[in-house]
Amino acid sequence: MTSADGGELMATFDQLCRTPTSTVGYLQWSRAFTRWSITDIPPFSAADPEPQQRFINLVDVLVNADISVGFSAHVDLDAFLADASQRSDASAWRVACGCCKA
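Residues numbered from 1 in each chain as written. Predicted model: local features only at pLDDT ≥ 70, side-chain atom pairs only at ≥ 80, totals over all residues. Heavy atoms only, no water.

J.: How would you explain unusual backbone geometry if you had to name every residue and give the values?
T.: A positive phi is found at D40, a non-glycine position, where the angle reads about 55°. Residue class for D40 comes out partly exposed when judged on its relative accessible area of 42%. Of note in this structure, D66 is not a glycine but carries a positive phi near 55°. Among the secondary structure elements, D66 is positioned in the loop between α3 (49-64) and β4 (68-73). (Buried < 20%, exposed > 50% of the residue type's maximum accessible area, 1.4 Å probe, protein only. Helix = DSSP H or I, 4+ residues; strand = E, 2+ residues; numbered from the N terminus.)

J.: Got a sec to walk through the nonpolar core? Specific residues and values, please.
T.: Residues L16, C17, W36, I38, F55, L58 and L62 are the most contacted members of the largest nonpolar core, which totals 23 residues. At the level of elements, β2 (8-12), α1 (13-17), β3 (35-41), α3 and α4 (77-84) are the ones that each hand at least two residues to this core. Top element by residues in this core is α3. It accounts for 6 residues. Setting aside its immediate chain neighbours within four residues, I38 contacts A11, T12, F13, L16, L58, L62, V69, G70, F71 and S72. (Core = buried A, V, L, I, M, F, W, Y, C linked by side-chain atoms within 4.5 Å. Contact = heavy atoms within 4.5 Å.)

J.: Let's hear about the pairing of β3: which residues, and what values?
T.: Across a regular strand the side chains alternate sides, sitting on one face of the sheet and then on the other. Relative to β3, β2 is paired through 5 bridges, and the arrangement is parallel. The residue of β3 that forms the bridge with A11 is I38. In this structure, β3 lies alongside β4, joined through 5 bridges in parallel fashion. Bridge pairing in β4 links R35 to S68. At this point the chain moves from β3, through α3, to the parallel β4, and the crossover so formed is right-handed. (Pairing = 2+ DSSP bridges. Right-handed = clockwise from strand over helix to strand, strands pointing away.)

Take a look at the structure:
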């Protein structure tokens, strides 16, 4: 994490998704922090499948917990979602719904 002040967690994509983190870990953090800021999100295809899946899981957790999230990516939302839609499963649509809701 880059910081955790006043109930807000600020972290990069790499910190949250390129390191082995379980959904349980995200759930615990969602109880501790009411606002999140996730920065340096790469184009979806630039991430390996494991970080992609962690990001999908993270978005699911945050949406289900009704957490306010700010996303900062290297590409705009339309380009990110178009890239994510290339996954062979339905996970990209969960990310789309989560990113647009959050």
